[in-house]
Amino acid sequence: MATKLPTVDALLVGFGWTGAILGQELTDAGLNVLALERGGWRDTATDFATSFIQDELRFYYRHELFQEPARETLSFRNSTIEVALPMRQLGSFLPASGVGGAGIHWNGQNWRFLPSDFLTRSHNTERYGAAAIPDTMTVQDWGVTYDDLEPYYDRWEHLCGISGKAGNIKGQIQPGGNPFEGPRSRDFPNPPMEMTYGPTLFAQAARDIGLKPFPAPSANMSRAYTNPLGVQLGPCTYCGFCEKFGCGNYSKASPQTTILPVLLRKKNFTLKTECEVIKINLDSDKKRAVSVTYIDTQGEEYEQPAELIILSAFVLHNVHLLLLSGIGTPYDPNTGRGTLGKNYAYQIVSSVDVFYDDKILNPFIGAGALGMVVDEFNGDNFDHTNLGFIGGGYIACWNTNGRPIETHLVPDGTPKWGATWKKAVVENYLKSMSLATHGSVMSHRGNYLDLDPTYRDFLGRPLMRMTFDFTENEHKMSDFLTGKTTEIARALKAREIRSNPRKGHYDITPYQTTHNTGGAIMGSNPQESVLNRYLQHWDVSNLFVMGSSAFPQNAGYNPTGTVAALALWSANAIKTQYLKTPGPLVQP
Ligand SMILES: Cc1cc2nc3c(=O)[nH]c(=O)nc-3n(C[C@H](O)[C@H](O)[C@H](O)COP(=O)(O)OP(=O)(O)OC[C@H]3O[C@@H](n4cnc5c(N)ncnc54)[C@H](O)[C@@H]3O)c2cc1C
Ligand code: SF4
């Protein structure tokens, strides 16, 4: 029997990036807000001190900051004709656990999506004709536009102190920035990061073949910065222990270094850690969320009532909780009916490695979002006529790290182990680098999330089942991007290059990105989406769902800039519309 607790005005389920944003915004509106986070407390100076955070084995390989599969996992299959099996070790993506969520150990590669990315169906149909989108591709427009989100992208970039160079201010193309980006109202708050040797060579080679490289927008600080909340961040030291690590220098934007110093001091905010929400409870007519049920570390159950419930638990847990709570109609890939779990998507990456004889690149001088990028082949920045695919991605030379266990680029033909492999690692460590592609994934009829009929978690609840594979569209697009990357690699005039194209089925075991999307998508009508344009549930108007679960398909950029802009946009709608007149913000 669950212990029933007093009602709060607003309840946050999960306390990562989106939880922190909503906490800050809703407490500003005067609400009493409670956040429930399944993981433990984490603080910048104590938990990520440079005296121990640079432990590759502990954090990178043994996943100390991530979700533990023994407690929560999912089952996976490539297609509906296979039997899904539970993942006993996570690889391809690494959901977070603990205060700050994945905002602790993200890289900080911070992007805006292109204006056309929000209009995937209508834009591509208009430019290339209806045949460009096959029947099996379930892409749709978002119901929100780039112009709607621009002020919120801007707020987020200033909250985080993004380092970068604008490419388009109010329609004026700016030299040195990304000329393809949508118009922005002002420049980034900080100048670009100092560029290391490898990305500088990449940029020159890209220029040599007529491309327009620019410094990646980065949530690693290029200089000391005080954000609009008055929170101070310090300059990045290019330590190279960034992705999958916390930053003890206060140099990477995270909830801890941007929002929490203000939010945690507010009297109308409460955070409870090690409290895992296991269900959202509805009233009898299923139109209103009345409470959540959660368990603490002792397994004690509590019922926490709330007037407003915000799911901010990351894509996979948002969708899993909705499925377990029976909120919405699960998607059926055979009939195409139902919306919950529909349009799960991901990203497709490939790389080209470059080996020099005469250049010392010192790869260990790095940061999570340090790099040069070209965007000519992203989204619809190029003519797709007769290419047989839609979408695209960026090509980057990142200098994220030269961590000793992880970094061992060796040329083709090197044995996988033994003395010859060791010799090749020593010879090439300082003289090699990798060019990466980061491609979009369109949504397809057979890619979705639902409840596993067989496997259960530690509480006896069905695991979430993921059914996903890359399709012809993604393979063609990734081949195209890898080919363009090879052209840049050739222009680098190195001793040797090695191309690593993405072939075959999606493999869930090696790390790729934690850029999972979809499953509780936004849109303009309840027949096709779970959420309206304000991230409000179509059926349950006091339930809002944050995060990239709302993306109807995935673009060729890292998602968090757009996740955050959507969270701020949704928070604004709650503050200015919902709290005045609670109920649906959009009539179906
Ligand atoms: C290694 C890594 C590198 C990344 N690098 C980048 C990058 O460079 N650029 C980029 O754009 N994105 C990057 N990302 C993705 C980025 O971190 C996410 O997009 C972002 O953190 C999502 O915010 P969120 O609030 O939706 O989820 P999160 O920040 O993950 O927060 C969700 C929180 O909810 C909690 N939670 C889950 N279930 C429950 C439950 N049932 N009850 C209570 N709490 C719960 C979790 O423990 C977690 O703390 C990276 C991710 C990883 C893992
Ligand atoms: S590279 Fe910079 S931002 Fe990243 S962990 Fe090191 S000091 Fe922090």
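Residues numbered from 1 in each chain as written. Chains lettered and ligands numbered in written order. Predicted model: local features only at pLDDT ≥ 70, side-chain atom pairs only at ≥ 80, totals over all residues. Heavy atoms only, no water.

Colleague: Explanation requested: the overall build of the protein in the structure shown.
Modeller: Secondary structure assignment for the protein yields 12 helices and 22 strands. The C-alpha atoms of the protein give a radius of gyration of 23 Å, which matches the 25 Å a tight globule of 588 residues would have. Looking at the 588 residues of the protein, the share that counts as buried comes to 62%. Within the protein, counting contacts between residues at least 6 apart in sequence, those at least 24 apart form 75% of the total. Put simply, the protein shows about 22,200 Å² of open surface, and 52% of that area lies on carbon and sulfur atoms. Charge centroids of the protein, computed over 52 positive and 58 negative side chains, lie 2 Å from each other. (Helix = DSSP H or I, 4+ residues; strand = E, 2+ residues; numbered from the N terminus. Rg over C-alpha atoms; globule rule 2.2 N^0.38 Å. Buried < 20%, exposed > 50% of the residue type's maximum accessible area, 1.4 Å probe, protein only. Contact = heavy atoms within 4.5 Å. Areas by Shrake-Rupley, 256 points an atom, 1.4 Å probe, with all protein chains shown as cover. Lys, Arg positive; Asp, Glu negative; His and termini not counted. Charge placed at Lys NZ, Arg CZ, Asp CG, Glu CD.)

Colleague: Just to check I follow, could you spell out the site of ligand 1 for this structure?
Modeller: Around ligand 1 sit 35 residues in total, of which Thr-18, Glu-37, Arg-38, Gln-109 and Thr-560 are the nearest. Separating an oxygen atom of ligand 1 from a backbone N or O atom of Trp-17 is a distance of 3.3 Å. Between ligand 1 and Thr-18 there is a distance of 2.7 Å, counted from an oxygen atom to a side-chain nitrogen or oxygen. Protein burial of ligand 1: of its 1,000 Å² of free accessible surface, 98% is covered by the chains. Contributions of two or more residues to the shell around ligand 1 are made by α1 (17–28), β12 (276–282) and α9 (315–324). (Near = heavy atom within 4 Å. Polar contact = N/O pair within 3.5 Å; in protein donor to acceptor, adjacent residues only side chain to side chain.)

Colleague: Can you walk me through unusual backbone geometry in this structure?
Modeller: It is generally the case that most residues other than glycine have a negative phi and that most peptide bonds are trans. Even without being glycine, Tyr-250 reaches a positive phi, approximately 55°. According to the relative accessible area criterion, Tyr-250 is partly exposed, its value standing at 32%. With a phi close to 60°, Asn-343 is a non-glycine residue in the positive phi region.

Colleague: Looking at this structure, I do not really get the site of ligand 2. What am I missing?
Modeller: With respect to spatial proximity, 13 residues lie near ligand 2, and among them Cys-236, Cys-239, Phe-241, Cys-242 and Cys-247 are the closest. In the shell around ligand 2, the residues fall into six nonpolar, six polar and one charged. (Nonpolar A, V, L, I, M, F, W, Y, C, P; charged D, E, K, R; others polar.)

Colleague: I keep staring at the packing of α1 against helix α12 (residues 560–578) and nothing clicks. Help me out?
Modeller: Between two packed helices, the angle of one axis relative to the other and the distance separating the axes together describe the packing. Two elements in contact, α1 and α12, have axes whose closest approach is 10 Å; the angle formed by their N-to-C orientations is 25°. What the angle tells us is that α1 and α12 run roughly parallel. Considering only the axes of α1 and α12, their crossing is right-handed. Along the contact surface, α1 presents Trp-17, Thr-18, Ile-21, Leu-22, Glu-25 and Leu-26, while α12 presents Thr-560, Val-563, Ala-564, Ala-567, Leu-568, Ala-571, Ile-574 and Lys-575. (Axes fitted to C-alpha atoms, helices over the stretch in contact; angles between N-to-C directions. Parallel < 35°, antiparallel > 145°, perpendicular 65-115°, else oblique. Left-handed = near helix turned anticlockwise from the far one by under 90°.)

Colleague: Which parts of the structure should I look at to understand the side chain of His-515?
Modeller: Tracing the backbone through its elements, the reader meets His-515 in the loop between β21 (496–500) and β22 (543–545). Once you skip the residues sitting within four places of it in the chain, His-515 turns out to touch Ala-345, Tyr-346, Gln-347, His-438, Asn-554, Asn-558 and Pro-559.

Colleague: I would appreciate a short explanation of the nonpolar core in the present structure.
Modeller: The nonpolar side chains of a soluble globular protein tend to be buried, and buried together. Of all hydrophobic cores here, the largest spans 143 residues; its most connected members are Leu-22 and Met-466. The biggest single contributor to this core is α12, with 11 residues. Not counting residues within four places of it along the chain, the set of residues in contact with Met-466 comprises Leu-74, Ser-75, Phe-76, Arg-77, Phe-93, Leu-316, Tyr-344, Tyr-448, Leu-449, Ile-508 and Asn-516. Judged by nonpolar contacts, the second largest core, of eight residues, contains Ile-53, Tyr-60, Phe-241 and Phe-245. (Core = buried A, V, L, I, M, F, W, Y, C linked by side-chain atoms within 4.5 Å.)

Colleague: Would you mind showing me how to read the UniProt feature "domain: Glucose-methanol-choline oxidoreductase C-terminal" (unreviewed entry) in the protein here?
Modeller: Here, UniProt's "domain: Glucose-methanol-choline oxidoreductase C-terminal" (unreviewed entry) annotation points to residues 447–567. Here residues 447–567 is 23% helix and 19% strand, with 25 Å between the C-alpha atoms at its ends. (UniProt positions renumbered as here; feature names shortened; annotations may be inferred.)

Colleague: Explain the sheet that holds strand β20 (residues 462–467) to me, please; I cannot follow it from the model alone.
Modeller: Paired through their backbone hydrogen bonds, the strands of a sheet run either parallel or antiparallel. Taken together, the four strands give an open sheet; going across it, the order is β5-β4-β20-β19, and neighbouring strands pair in mixed fashion. Unpaired on one side and paired on the other, β5 (85–86) and β19 (448–456) mark the two borders of the sheet. Strand direction decides the pairing type here: β19 and β20, joined by five bridges, are antiparallel. Within β20, the residue paired with Tyr-448 across the bridge is Thr-467. Packing against the sheet, α9 makes contact with β19 and β20, and its axis sits at approximately 125° to β20. (Pairing = 2+ DSSP bridges.)

Colleague: So what exactly am I meant to see when it comes to the pattern of salt bridges here?
Modeller: A side chain with one charge can pair with a side chain of the opposite charge if their charged atoms come near. For the coordinates displayed, the defined rule picks out 26 salt bridges. Close ionic contact of Asp-154 with Arg-186 constitutes a salt bridge, the shortest N to O distance being 2.9 Å. With Asp-154 in helix α5 (residues 146–160) and Arg-186 in the loop between β7 (172–173) and α6 (197–208), this pair connects stretches of sequence that are 32 residues apart. A single network of salt bridges, built from pairs that share partners, joins Arg-112, Glu-150, Glu-157, Glu-181 and Arg-184. (Salt bridge = Lys/Arg side-chain N within 4 Å of Asp/Glu carboxyl O.)

Colleague: Where do I start with the packing of aromatic side chains in this structure?
Modeller: How two aromatic rings sit relative to each other is given by the distance of their centres and the angle of their planes. Following the criterion strictly, the structure yields 37 aromatic pairs and no others. Measuring from centroid to centroid gives 5.9 Å for Phe-377 and Phe-480, while their planes differ by 80°, and the two rings are edge-to-face. Of this pair, Phe-377 sits in the loop between β16 (371–374) and β17 (393–398) while Phe-480 sits in helix α11 (residues 472–491), and the two are 103 residues apart along the sequence. Since its relative accessible area comes to 12%, Phe-377 is described here as buried. Members of the aromatic cluster, joined through ring pairs, are Trp-111, Phe-113, Phe-118, Trp-142, Phe-214, Tyr-394, Trp-398, Phe-551 and Tyr-557. For Lys-244, the ring lying beneath its charged end belongs to Tyr-511, and the centroid distance is 3.6 Å. Positioned above the aromatic ring of Phe-241 is the side chain of Arg-403, whose terminal nitrogen or guanidinium carbon lies 5.8 Å from the ring centre. (Phe/Tyr/Trp six-rings, centres within 6.5 Å; stacked < 30°, edge-to-face > 60°. Lys NZ or Arg CZ within 6 Å of the ring centre and 35° of its normal.)

Colleague: What is the right way to look at the environment of Cys-397 in this model?
Modeller: Turning to its location among the elements, Cys-397 is positioned in strand β17. Its relative accessible area of 1% is what places Cys-397 among the buried residues. Considered as a pair, Cys-397 and Gly-177 are 220 residues apart in the sequence and their alpha carbons are 16 Å apart. If sequence neighbours within four positions are ignored, Cys-397 has contacts with Gly-198, Pro-199, Phe-202, Leu-370, Gly-371, Met-372, Met-433, Ser-434 and Leu-435.

Colleague: Help me out: how do you make sense of the UniProt feature "domain: Glucose-methanol-choline oxidoreductase N-terminal" (unreviewed entry) in the protein in this one?
Modeller: UniProt's feature table lists "domain: Glucose-methanol-choline oxidoreductase N-terminal" (unreviewed entry) at residues 233–343, given in the numbering used throughout. Span residues 233–343 is 16% helix and 27% strand, its end C-alpha atoms 38 Å apart.

Colleague: I would appreciate a short explanation of the sheet that holds strand β8 (residues 214–215) in the present structure.
Modeller: Spatially, the six strands line up as an open sheet ordered β8-β16-β17-β18-β15-β21, and their pairing is antiparallel. Sheet topology places β8 and β21 at the edges, where each strand pairs with a single neighbour. Pairing analysis gives five bridges linking strand β15 (residues 348–355) to β21, with the strands arranged antiparallel. What sits directly across from Asp-353, in β21, is Arg-498. Taken strand by strand, α6 contacts β16, β17 and β18 (432–439), and its axis lies near 20° from that of β16.

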